[in-house]
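# Breakdown of the fold
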Amino acid sequence: MKAKAVVHKEFRIGRIDDRVYGAFLEHLGRAIYTGIYEPGHPAADEHGFRRDVIEMVRELNVPVTRYPGGNFVSAYNWEDGIGPKERRPVTLDYAWRTKETNEVGIDEFAAWCEAAGTELMLAVNLGSRGLDEARGLLEYCNHSGGSRWSDLRIKNGRREPYDVRLWCLGNEMDGPWQVGHKTAYEYGRIANETAKAMKAFDPTLQLVACGSSHSFMPTYPQWEADVLDECYDNVDYLSLHMYFENYEDDYLNFLAKPVILDRYIQTVSGVIDYVKAKKRSKKDIYISFDEWNVWYHCRRQDNDNFKNWDWPAAPALLEEVYNFEDVLVVGCILNTFIRHADRVRIACIAQLVNAIAPITTERGGRAFRHTIYYPYLLASRHGRGESLAVALDAPRYDAKAADDVPYIDVAAVHDQAGKTIALFVVNKHPDEEAELTVDLAGFPSARLIEHILIHHPDLKAVNSADAPDVVKPQLQNGSVVEEGRVLCRLKPRSYNLIRLSV
Amino acid sequence: MKAKAVVHKEFRIGRIDDRVYGAFLEHLGRAIYTGIYEPGHPAADEHGFRRDVIEMVRELNVPVTRYPGGNFVSAYNWEDGIGPKERRPVTLDYAWRTKETNEVGIDEFAAWCEAAGTELMLAVNLGSRGLDEARGLLEYCNHSGGSRWSDLRIKNGRREPYDVRLWCLGNEMDGPWQVGHKTAYEYGRIANETAKAMKAFDPTLQLVACGSSHSFMPTYPQWEADVLDECYDNVDYLSLHMYFENYEDDYLNFLAKPVILDRYIQTVSGVIDYVKAKKRSKKDIYISFDEWNVWYHCRRQDNDNFKNWDWPAAPALLEEVYNFEDVLVVGCILNTFIRHADRVRIACIAQLVNAIAPITTERGGRAFRHTIYYPYLLASRHGRGESLAVALDAPRYDAKAADDVPYIDVAAVHDQAGKTIALFVVNKHPDEEAELTVDLAGFPSARLIEHILIHHPDLKAVNSADAPDVVKPQLQNGSVVEEGRVLCRLKPRSYNLIRLSV
Amino acid sequence: MKAKAVVHKEFRIGRIDDRVYGAFLEHLGRAIYTGIYEPGHPAADEHGFRRDVIEMVRELNVPVTRYPGGNFVSAYNWEDGIGPKERRPVTLDYAWRTKETNEVGIDEFAAWCEAAGTELMLAVNLGSRGLDEARGLLEYCNHSGGSRWSDLRIKNGRREPYDVRLWCLGNEMDGPWQVGHKTAYEYGRIANETAKAMKAFDPTLQLVACGSSHSFMPTYPQWEADVLDECYDNVDYLSLHMYFENYEDDYLNFLAKPVILDRYIQTVSGVIDYVKAKKRSKKDIYISFDEWNVWYHCRRQDNDNFKNWDWPAAPALLEEVYNFEDVLVVGCILNTFIRHADRVRIACIAQLVNAIAPITTERGGRAFRHTIYYPYLLASRHGRGESLAVALDAPRYDAKAADDVPYIDVAAVHDQAGKTIALFVVNKHPDEEAELTVDLAGFPSARLIEHILIHHPDLKAVNSADAPDVVKPQLQNGSVVEEGRVLCRLKPRSYNLIRLSV
């Protein structure tokens, strides 16, 4: 199979916001407890945080981490998680029918963020609560001192305000499963009033309103239009979520699904423009794609499990074991965000540890990297800079999920400071090697730095604590640069990163 | 007057849910305080509950008791009624402008229910409060332990959860008199979201949404359609209320009013079917007729009284003194529920003690049974089993309340286990004896067990503490069974129960 | 310039409600702290209230004072302001980004009202809170004792209830700047349900629903119609607000603006009548014009200031320095209320001390009267009684604000008890003296008592602590009464009060 792409120095999509490589940590299953927090673990620091996990998160260079939910937040009372730990109540999480010990709350998580080198993105509860409690949390986190909530933070041991910049106005409020689910109008109203109150406290806060939980939601995309009608002037981002599955074990269809993501982003961008025009506004709203991942390996079984269990604390839940096939889909997803750098300013892999996550820990034991850790790592490391438009000419196929899907998925990133170009390329073809020629217009002196490959002959190959390196990146020969053209040989079913100096 | 009825073994309406003989106890007047609870009373048990009242309630075999309101619940904070009694606040009840001492709360009332052998049906406050507080109460009552609210219950002395099955989502939210009165849409929304949260805790809970407070409400029956539109999938019962009066002292018209009840149930059943069809649902919703009674004897005077008094605690309020005429109406009401056994699964006489109630107590003194105690007792004892369709051919009359009202009101209950049939028959005719022939098709070996009569020559005759037996059931001769036919001689203005072995 | 007016004993508009001379004190800037309350000040009484300010307020004879907001109330938790002062939290006021020390709360302010001889008009928070908290405040203030909230008041040192009669249901809920801003429907609903709960406590309370914040609001006057549609039956007054400015320094246009006020009142009166007719109601609703004043001298600068400051406590804010020109506008405003005595039953100058106020204090120092203190004083003193219709024939001018504006503004008040007539007359003409003839039909024996003049050759003349008497009333010769006719000579740009005995 042959394919051709053109990248031109001046055809730029936009600067990639570092925060598209963000992540998400919810009080769910073992994400927090025995995930990032496990006092008594050999690797635990003085606060009980696992240093081995922090190290992996630091390796990923996660710019921002969304917290504490997710569905969890819609019935969460943040005050339960502050103050002396021995006085914190145990509460019930209705989303997953588990016990929440409240050992980790906002103060602990903020401290973890500092240790892990990631910015805190905080969600307020607009399910069972509203404006008044959101404002208390905001003052607790961000006010310098001398007021009730800020003084309580200081009393609890933290003098400096956390100065949280990014705030989610609830979570998936379009979902009937959400505690305190709202209609688009109801949500638009409460989001608007809460946003105004929060911006009255600090007009420079960045606020994220809930868009759709998936493009398959029956209310999509009217939800976006109706919500923005109510709150356009007072919010900065619209949140979208999407998870990917391969229940039917149909490889090519699975690999076609990121096309749905592409259209989702495009459609919502159009809705934003439509409301902006209606409002005669000069203000732009961007997309915060703050939950995305592959999620299906253990999903149905988990759904059965949690309906019947007796409110366990920190049970194994959503502990997806990712395989090599998922690497290719995750690669295409990340490429899609890069290609929409002009619209998507934040994106969060959901989640970071144990629950639908690239990192898994053993209780009391080891931590290891799943297959999808690696495309996420490579994108986070090498995908920062300017997103360049890619004019692609490649063979295509039709699938149930989408028609006219190219076998090759390419994103190009120009790091002007580092004087490099990164080409992220997935060859989806099940059995044909691809010869891809990339014409680097405007980069006459391009030279190959390296070609990194993720590949495994078995699509279902996985990593584990005992065999953590089954699927991982390796250096690859087979790409050359000639007269401003990159000639790449791409294995069938392969994820590739070609790095060039320019 | 002659009348004919046919009952056939195979023409069954449906199994009568025992809970149609339920009752209601509200924090209102002397229902709780000096009604069921009076520490220091000679008959009081160690918890302060009057044993004489418990005995009467046990005699009635009340399957379920609704609590704590009624209008009271819509401004009630349930947390005020738990914990050490000396620390409970005195609060103001806006519905009746009385003081609530909070000496009885959920723990006391649940204990009383156990003593009285009745199931607790608990209402949450959706007037001044919402989802969040409802969930706290639910966890307090039903969670096993290890969480804030359940541990508080244990600390307050009750280890085992109460496991309350039946929950009312507010009370009469269609009534402008209700604190936090809602539109149908507003109520449907809050009922739906509260129901979802409660079922997230326990999907087997049975939830009751508010229907109309009376068929004379201006919003009836659009209220039912609109509310169910919002919450059909998440509730199990629709609550209806109706009270009966004879302000005009028009005997035949008063006795015609249960026909309005019949049409009310029929209409709401139709609305339920209509929404079910709209929703393409397989789920059924049944009627909980959780407030019904005669109420007018002291109603207007009470309304004047409470507007002017200075917030007394446990004043005499709604202390209806029922007469013999009311027996006949109550008999027709109960017959109506039996004839709608396929739709009405719960019904609660309102109320049980002192306030619009079959039982009255003297403060520090005696308790006695009002006239209406007896038809309720007989129905509760002998009205359980299968409701059989009754094909009735009887003379009819026109009244202001309804046209074409039969002078005879019959309900037939087949107790398959006990091998008995109970015929509940009211002869409404003011001065003609009725000769009723009931053809018992399919019961060839039927034999008379007894004919019980409630009758008094004076329609206005009442019972009192000094004369508690003025109106009460008595055995009656005058019915015979011949060749599968029951021949009954029914006095004018009489309530009759004819029991047969089959 | 010549002008003519006729006043007739029997052509009465209606009794002027004393409360149209009410005022407003908000927790804003230095209105409360260092305004009315400054412990340690030489003039402070034992509670910390400044006696010098109380004296000025007593001189004004302020019948009613609205409290505690204003925008402040929409995020105010009244419980923060009760109990031992050392335990009260410091909170943040989002409206002006200041710190609220809560040293003054409801108990202190009610004590101040008693000291200052003014009735308390109390606002509940319908922004961030609702019905439930409103009811707590109501019980705290007005219940005699024996319940949680009333006992807390007693414990806090006040045995007798305050028995507050006048309650504002929120503040400017039509304003997008308001915390918890509502749509007209949302506000009408919450106002109605809160009103019903409050009247269930005490049906004789007088409740004020929010109308428009200004006649320039885009939702005006549909807001009024929609709000009243929801709550007409349960409220007693509709609140209107209006502030006046002269940014363009256009004298005649500034003086034409009270005509907008006149039309505002007229239009809202029409809306009230319209809803009354729709409801087939016998009940009347009156206007509470509970915020009015000139406000522009430091308004823009304040708006810049508060966006950038770091939450100061009691900063200088909205400290308008009023000039002589403002006296003329304030005179016309007060005249407008007098001429609408049949509709406007309450009006509150906004505010009373330091913030947009007739009185300014120095921190630790002197208090003085601004120019507008005087027309307010004269109207409050001499403007009580019956408002008489004035048939005016005067030269007119066109301005940007309104066309056909008379150069002369007249209001006539007949004090039947005191047997006096007061004519409040503003000559707006920039340079012509006016000869005004007032025909006093039905008052044959009228005699001049005095002609009081406020005038200064410089429209921009102001008072200050050092020069407090630059602009103040003075006795004037030049009016005579002849044969039931008053002949007045009115200086150009002058405020005049002609008092007659009749």
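Here the residue index of a chain counts from 1 through its sequence in written order. To label them, take the chains in the order written and letter them from A, then take the ligands in the order written and number them from 1. pLDDT decides what is reported in this predicted model: residues at 70 or higher carry local features, side-chain atom pairs at 80 or more are listed and counted, and totals for whole chains, interfaces and linings draw on all residues regardless. Think of the side-chain values as coming from all heavy atoms in the structure, minus any hydrogens and water.

Going by the annotation in an unreviewed UniProt entry, the name recorded for chain A is non-reducing end alpha-L-arabinofuranosidase, with Allomesorhizobium camelthorni given as the source organism. UniProt positions are given in the numbering used here, feature names are shortened, and annotations may be inferred rather than shown by experiment. In its Subunit (unreviewed entry) section, the UniProt entry covering chain A states "Homohexamer; trimer of dimers." Quoted verbatim from the Sequence similarities (unreviewed entry) field of UniProt, the annotation for chain A is "Belongs to the glycosyl hydrolase 51 family."

### Section: the packing of helix α1 (residues 51-60) of chain A against helix α2 (residues 106-116) of chain A
Residue and element names in this part refer to chain A. One way to put it is that α1 packs onto α2 with a least axis distance of 9 Å and a crossing angle of 60°. As far as their axial angle goes, α2 and α1 are oblique. Between α1 and α2, the contacting residues are Ile-54, Val-57 and Arg-58 on the first element and Trp-112, Glu-114, Ala-115 and Ala-116 on the second. When the residues that make up the contact of α1 with α2 are grouped by side-chain class, the tally is five nonpolar, no polar and two charged. Fitting a line to C-alpha atoms yields each axis, with helices limited to the stretch in contact; the angle taken between N-to-C directions then spans 0 to 180 degrees. In this text, helices come from DSSP runs of H or I with a minimum length of four residues, and strands from runs of E with a minimum of two, each type numbered from the N-terminal end. In these notes the angle categories are as follows: under 35 degrees is roughly parallel, over 145 is roughly antiparallel, 65 to 115 is roughly perpendicular, and the rest is oblique. Whether two residues are in contact is decided by their heavy atoms: any pair within 4.5 Å suffices. Each residue gets one of three labels, nonpolar for Ala, Val, Leu, Ile, Met, Phe, Trp, Tyr, Cys and Pro, charged for Asp, Glu, Lys and Arg, and polar for the others, Gly among them.

### Points about the domain arrangement of chain A
Residues and elements named next belong to chain A. Each domain's extent is set by a domain assignment, obtained either automatically or from a database. When the domains of chain A are assigned, the result is domain 1 (2-10 + 387-501) and domain 2 (17-384). Tallying the contact residues gives 46 residues for domain 1 and 38 residues for domain 2. Once two parts are brought into contact, the accessible area they lose, counted with a 1.4 Å probe and summed over both, makes up the buried area. Counting the surface lost from both domain 1 and domain 2, the interface buries some 3300 Å², and carbon and sulfur atoms represent 66% of this. Think of a salt bridge as a Lys or Arg side-chain nitrogen and an Asp or Glu carboxyl oxygen that are within 4 Å of each other. At the junction of domain 1 and domain 2, the tally comes to five salt bridges. Pairing of N or O atoms within 3.5 Å defines a polar contact, subject to two protein rules: one partner must be a possible hydrogen donor and the other a possible acceptor, and residues neighboring in sequence count only if both atoms are side-chain atoms. Counting across the interface, domain 1 meets domain 2 through 19 residue pairs in polar contact (both at pLDDT 80 or more). Those elements that place two or more of their residues in the side of domain 1 that touches domain 2 are β17 (408-415), β18 (420-427), β20 (447-454) and β24 (494-501). Looking at the side of domain 1 that touches domain 2 element by element, the count peaks at six residues for β17.

### Structural notes on the interface of chain A and chain C
Every contact between the two is made by 19 residues of chain A and, on the other side, 21 residues of chain C. Together, the buried faces of chain A and chain C total about 1600 Å²; carbon and sulfur atoms form 46% of this surface. A per-residue breakdown of the area chain A buries against chain C is headed by Arg135(A), Arg148(A) and Arg189(A), which together make up 31% of the total. The salt bridge partner of Arg189(A) is Glu186(C), with a shortest N-O separation of 2.5 Å. Looking at the side of chain A that touches chain C, the elements with two or more residues in it are α3 (131-142) and α5 (184-201) of chain A. Counting residues per element, the side of chain A that touches chain C draws most heavily on α5(A), which supplies seven residues. Classifying every residue of the side of chain A that touches chain C gives six nonpolar, five polar and eight charged.

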